[in-house]
Amino acid sequence: MNEKFLDLVGKYSGLQVAVAVSGGVDSVCLLNWLAKLKINLVALHVHHHLRKAADAEAEYVADACRALGVPCHVFHWTAEKPARGLESAARVARYKFMTDFCHENGIKVLMTAHQADDQIETFLMNLARGSGVVGLAGIQAESYRDGIKIVRPLLSVFRAELIEYCNKNKIKYFEDEMNFDDKYTRAKI
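Conventions used here
- Residues numbered from 1 in each chain as written.
- Predicted model: local features only at pLDDT ≥ 70, side-chain atom pairs only at ≥ 80, totals over all residues.
- Heavy atoms only, no water.
- Helix = DSSP H or I, 4+ residues; strand = E, 2+ residues; numbered from the N terminus.
- Buried < 20%, exposed > 50% of the residue type's maximum accessible area, 1.4 Å probe, protein only.
- Pairing = 2+ DSSP bridges.
- Axes fitted to C-alpha atoms, helices over the stretch in contact; angles between N-to-C directions.
- Parallel < 35°, antiparallel > 145°, perpendicular 65-115°, else oblique.
- Left-handed = near helix turned anticlockwise from the far one by under 90°.
- Contact = heavy atoms within 4.5 Å.
- Nonpolar A, V, L, I, M, F, W, Y, C, P; charged D, E, K, R; others polar.
- Phe/Tyr/Trp six-rings, centres within 6.5 Å; stacked < 30°, edge-to-face > 60°.
- Lys NZ or Arg CZ within 6 Å of the ring centre and 35° of its normal.
- Core = buried A, V, L, I, M, F, W, Y, C linked by side-chain atoms within 4.5 Å.
- Expected span 1.5 Å × (residues − 1).

Student: Sorry, what's going on with unusual backbone geometry here?
Tutor: It is generally the case that most residues other than glycine have a negative phi and that most peptide bonds are trans. Positive phi, normally seen in glycine, also occurs at H49, with a value near 55°. On the secondary structure map, H49 appears in the loop between β2 (40-47) and α3 (54-68). Positive phi, normally seen in glycine, also occurs at D146, with a value near 50°. On the secondary structure map, D146 appears in the loop between β5 (142-145) and β6 (148-151). Owing to a relative accessible area of 49%, D146 belongs among the partly exposed residues under this scheme.

As structure tokens, then:
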């Protein structure tokens, strides 16, 4: 495990922590690393009902959590989907489900699996939009959303390391086909 990851996560070892788990390599690896460190966890998964594979992913996340002894809550985004701005609307809905759950259960920290490749993509997207200095600072390791502390302990870890870890340890993960669809800005980058 990455030393910066261990340092950041260590600050939260005495708290109950929620972790966002999509089923992709980033979040599955984060879930496994946190469970291995015996962090007091609850996993949160949002089923957006956008892709055929989403049912299997939700089931897999629940099964993986059960195998690790981590409670898991699956939320269903059944609201009407917008014709434009789908990525943004899905992100808003996802964070709303998760931060509401945290408030309702007295959880002050939500960890997400944003990693070093995401940091580069975000920088390039912000640069392309003509962002100022604040936007070019990229993703912060710690921030707040709706009164919940959002912690991103993988920002110093590249996706290749996460893939290598999961493959070496025979940990299954899903590839989101939307990551390869050029109609989405992040996929283009």
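Student: Before we go on, may I ask you to explain the pairing of β6 in this structure?
Tutor: A regular strand places its side chains on the two faces of the sheet in alternate fashion. What you see with β6 is no split at all: I148 and I150 on one side and K149 and V151 on the other are buried throughout. The pairing of β5 with β6 spans four bridges and is antiparallel. Following the sheet pairing, E142 is matched in β6 by V151. The antiparallel pairing of β5 with β6 creates a hairpin that spans two residues between the two strands, and D146 there sits at a positive phi of about 50°.

Student: Looking at this structure, I do not really get the packing of helix α2 (residues 25-36) against α3. What am I missing?
Tutor: Packed helices, taken two at a time, are described by the angle their axes make and the gap between the axes. As a packed pair, α2 and α3 sit with axes 11 Å apart at the nearest point and diverge in direction by 15°. Classified by the interaxial angle, the pair formed by α2 and α3 is roughly parallel. Crossing hand, α2 versus α3: right-handed. For the pair α2 and α3, contact is made by V28, L31, N32 and A35 and by Y60, C65 and L68, respectively. Within the contact of α2 with α3, the residues separate by chemical class into six nonpolar, one polar and no charged.

Student: Looking at this model, I keep getting lost on the packing of aromatic side chains. Mind explaining?
Tutor: Geometrically, a pair of aromatic rings is defined through the distance of the ring centres and the angle of the planes. The final tally for this structure, using the stated rule, is five aromatic pairs. Members of the aromatic cluster, joined through ring pairs, are F5, W33 and Y165. Between K81 and the ring centre of W77, over which it is positioned, the NZ or CZ distance is 4.5 Å.

Student: Before we go on, may I ask you to explain the environment of F5 in this structure?
Tutor: Tracing the backbone shows F5 in helix α1 (residues 3-10). Between the alpha carbons of F5 and V157 there is a distance of 7.9 Å; along the sequence they are 152 residues apart.

Student: Would you explain the nonpolar core in this entry?
Tutor: Within soluble globular proteins, side chains that are nonpolar tend to cluster in buried spots. In terms of nonpolar packing, the biggest core is built from 35 residues, with V19, L34 and M111 touching the most fellow members. Of all elements in the fold, only α1, β1 (16-20), α2, β2, α3, β4 (109-111) and α7 (159-168) reach the threshold of two or more residues within this core. Those residues in contact with V19 that sit more than four places away from it in its chain are L30, L31, L34, L41, V42, A43, L44, L110 and M111.

Student: Explain α2 here, please?
Tutor: Each α-helix winds once per 3.6 residues, and so residues spaced three or four apart point in a common direction. Helix length check: α2 (twelve residues) gives 16 Å between terminal C-alpha atoms against 16 Å at 1.5 Å per residue, within 8%. The set of residues buried in α2 consists of V25, D26, S27, V28, C29, L30, L31, N32, W33, L34 and A35. At the C-terminal side of α2, K38 shows a positive phi close to 60°.

Student: I would appreciate a short explanation of the sheet that holds β2 in the present structure.
Tutor: Strands in a sheet are paired, the pairing made by backbone hydrogen bonds, and the direction either parallel or antiparallel. The six strands lie next to each other as β3-β2-β1-β4-β6-β5, forming an open sheet whose pairing is mixed. Among the strands making up the open sheet, the edge pair consists of β3 (72-76) and β5. Each adjacent strand pair in this sheet contributes to an overall mean axis angle of 30°, direction not counted.

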